[in-house]
Each structure stands twice: as structure tokens, then as C-alpha cells.
Amino acid sequence: MKEVAFITLGCKVNQYETNSMMQQFLQKHYKIVESTQKASIYIVNTCTVTNMSDRKSRQMLRRVKELNPEAIVVACGCYVQVAKEEVEKIKEIDLVLGNHEKKEIVEIVERYKKENQKCTQMKDVMQQKEYIELGQVTYTEKTRAVIKVQDGCDRFCSYCIIPYARGRVRSRKPENVVTEIQKIAQKGIQEVVITGIHIASYGKDFKEKYQLIDLLEEINQIEGIKRIRLGSIEPLLITREFLERLFRLEKICHQFHLSLQSGCDETLKRMNRRYTTQQFREIVKGLREYDKEVILTTDVIVGFPLESQEEFEKTYQFLKEIKFYKMHIFKYSPRKGTKAAQMVGQVEGKLKEERSQKLLKLSNKNQEEYNKAYIGKEVEILFEEEKNGYYQGHTKDYILVQAKSKKKLENKIITAKCVHSETNHILVEM
């Protein structure tokens, strides 16, 4: 039996693509083993969103060879795509593949076995015009499935390397998305997460007008699917027409991750984010008009070049005003090849850490207050697994729930009353 192990770093898109590569190897009668086990092939699907991601990618590529010095080590993914020359210098690596080459990974590996010569295969992602189907894919997170609907990004935010790693926007054909979700529903999975590199751009490359909301309306009709959750979305996607159509869909989860990055207009302009705080404020107002209890989460970067104390305070006050349920805080790190890396006024590390901690404290306070407000309310939970004596699941608005039960609750949707809250979860009575 030929054993192959996978290590995946980064986002849900990478996880989805790893699952595709797994399916390709299974079809060729390989055995998938855990990444900590001895294997004949190790595939490391890398990430490059931050400097830390690059470092972790390099560490994993070197570490796997220690498990089996005779193994074939394959580096693929976003870090590889933007740092080919750097990756080629890592002596433990046998094969270097770009994002485009994931769809033919088994053929490339088997060719290497015959030739036994280190090589790089990588096409220019900027030249890729159409979405590449990856074959039979179902990336499942316990009781929910992740569905990739597009690739690439045309926004070119000044801090972001991802457009160079993923290329321009390419949208998946709606009929292929629908077919995959229909198959998922037949397996008993009740929740799907719609993801991509920039899902707000879905459909912009089609000749006929067809947008994300059109796709969501089709998915809403699929029998067996009870919940549709959106991945991170660009705020400017949310127009009045989008809201009107979105909130008619009974399966849509009323939890939205709006990528903000800064609450200061001057900083947003330097980031090339293309919206203002006032526009963002109106978008949030629109969402809360349709559902006053809608759950909103976001990303924020602290310490962006030239971010003064005054600019940071503007961000802090804006975040207090919006009151997100949860905020993911990132300390800015320069990415080679981006515009922001060349900017003057890089903020020192100590200051970034102080600002990060202040926002994390605000985020925890918000989450704790939101969770307290659920005590005494009945919520609908999709339970996922038993862990440390408790069943865990999520409400439709993605609040983490724990419950004690003698009955098996995996993949069951149950309504129960909240009796206690903690900072990061609520407890229900069964």
C-alpha cells in the first residue's frame, strides 16, 4: 500500500483543495494516513497570508522529512506560488507545484517516481482565465460541508499578497456548485459554507449577468440542506437589492463576516479598501434593519504603515460603535511584493502589540455581553461532536453551544434553552 499524508495550512479554500487532492490519490489506490505517521509521500499545502504563515510553511516542509527520510516531499499552494525561488532552496523538498497543478498532482508525483529528479511545475496564475474544477470534492467539517465557488481576487489591497498567489477572479459554474451540494445533501449533511478567495466577486467573469445572490437562491432550493452560511464577504457586496433578496432565503444563517480591516478612513485609503467608514456604517444599519439580532464578525489590522495614535483611536471608537460579536485582530506584517511593504512609517512591534491587546479586550467584552443576552432564550443548535463530556454545536448565527446529554446528538438539529454563558460559548439545558 502506498501511503500519502497531507498537511494543510491556511484558509478553508486550501482545506477544500487538499480534500480534492486526497480524492485523486484515493482513486489511484493510495492510502491516506495522518500527517504524524510514516508515509511514502507528504503533501504540504502552504499558506502565505502573513509572514507567520510563510514561516509555518517552511517549518512543516522541513519537519515531514524527519518522519521518513526516504519520503517524497511535495510543496504546493500559495506560499510556493509567490516564493518559488525561496522554496526551491529548501533541500528537503522534492517537488514544487503551484496552485494550478493541484488538479494533476498524482500524475506529477508518479512521473517524479520514475524520473527521480527534483523539479518545479508552476504556471503563471495571472494567465489563468477560467475556474479549474478539481474533480470529486467534499470537504467536510464534522457536520458541515465547505463549498468553494470561486478563486482569485481583483482588489489588490495594498497589504495583500493573495492576488499574486491566486490570480484573477474565476467563478465556478453554478450548475457544478448545485450538483456538488445535492450530492452532499444526499449524504445527510445539513449545512454548507460558501467560500472562495473573494466570493463577493462571484459571477463578474461570466458573460451573462449572474451574481452570488443568484447562486444562493438556487442553493436555497436544494432539498435536505437546512443551513447556508457565507464565508468572509466584501462589505460593498451588500446593497439594498442584495439584502432584500438575501433575507427572503429561509436557510441563510444570519451571521456575516464583514472584512473591515480599519475603522479610520485615512488608513482605509492607504489600504486601498475602496469604501469609507460611513459606507460601512450604512451597510451594518441595513443588515440590522432586517434582523436586529444579526451576528457580525470582522477582521482588523493594527499597526498599518503610518497608523498614528489618532488613527488607531478612530478605529477603536468605530469598533465600539459597531459592536461586532467577535473581531479577528492581526498585527500588520510587511509582505514582500505588496505596495504597503514599500511604504514609509512602519509601526514598531511593541506598539502593534499594545494596540492588538486593546482590541482583543474589546472583542472579548463584546462576545461576553452578546452571550449573556442569550440566557433564557431558546436557540436552534446543529450539534457536531462530543468533547470533554459535552456535546458541542453551533446556533444558526454561529454561537458555540455546549450541552450534557445521554442521547447521541451528532448532526441533529435541536431547539433548547440557554441557561449559562461564558466568553466564548453558551450552555443549554436538554
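This text gives an overview of the structure that appears in the document. (Residues numbered from 1 in each chain as written. Predicted model: local features only at pLDDT ≥ 70, side-chain atom pairs only at ≥ 80, totals over all residues. Heavy atoms only, no water.)

1. Details of the packing of aromatic side chains
Item 1. Summed over the entire model, instances satisfying the criterion amount to 14 aromatic pairs.
Item 2. Ring centres of tyrosine 202 and phenylalanine 206 lie 5.6 Å apart, and the angle between their planes is 90 degrees; on these two criteria the pair is classed as edge-to-face.
Item 3. Judged by centre distance (6.2 Å) and plane angle (40 degrees), the ring pair of tyrosine 275 and phenylalanine 280 falls under tilted. With respect to class, tyrosine 275 is no different from phenylalanine 280; both count as buried.
Item 4. Aromatic rings pair up to connect Tyr275, Phe280, Phe318 and Phe324 into one cluster.
Item 5. Over the ring of tyrosine 374 we find lysine 377; its NZ or CZ atom is 5.5 Å from the centre of that ring.
Item 6. Taking NZ or CZ as reference, lysine 404 lies 4.6 Å from the ring centre of tyrosine 390, over its face. (Phe/Tyr/Trp six-rings, centres within 6.5 Å; stacked < 30°, edge-to-face > 60°. Buried < 20%, exposed > 50% of the residue type's maximum accessible area, 1.4 Å probe, protein only. Lys NZ or Arg CZ within 6 Å of the ring centre and 35° of its normal.)

2. What to know about the layout of surface pockets
Item 1. Volume-wise, the second largest pocket comes out at about 410 Å³.
Item 2. Taken together, 21 residues form the lining of the second largest pocket, with Val82, Ala83, Glu86, Ile161 and Lys336 sitting closest to its centre.
Item 3. Contributions of two or more residues to the lining of the second largest pocket are made by helix H2 (51-67), helix H3 (78-82) and helix H4 (84-88).
Item 4. Among the elements that take part in the lining of the second largest pocket, H2 stands out by supplying 4 residues, more than any other.
Item 5. For the lining of the second largest pocket, the class distribution of residues is 7 nonpolar, 4 polar and 10 charged. (1 Å grid on protein atoms, 1.4 Å probe; cavity = no way out; pocket = protein on both sides within 12 Å on 5 of 7 lines; lining within 4 Å. Points joined across faces, edges and corners; volume = space filled by probe spheres on them. Helix = DSSP H or I, 4+ residues; strand = E, 2+ residues; numbered from the N terminus. Nonpolar A, V, L, I, M, F, W, Y, C, P; charged D, E, K, R; others polar.)

3. Considering the environment of serine 363
Item 1. Within the fold, serine 363 resides in helix H13 (residues 349-372).
Item 2. Judged by relative accessible area, serine 363 falls into the buried class, the value being 3%.
Item 3. For serine 363 and asparagine 19, which are 344 residues apart along the polypeptide, the C-alpha to C-alpha distance reads 33 Å.
Item 4. Ignoring sequence-local partners within four residues, the contact set of serine 363 consists of Tyr325, Lys326 and Met327. (Contact = heavy atoms within 4.5 Å.)

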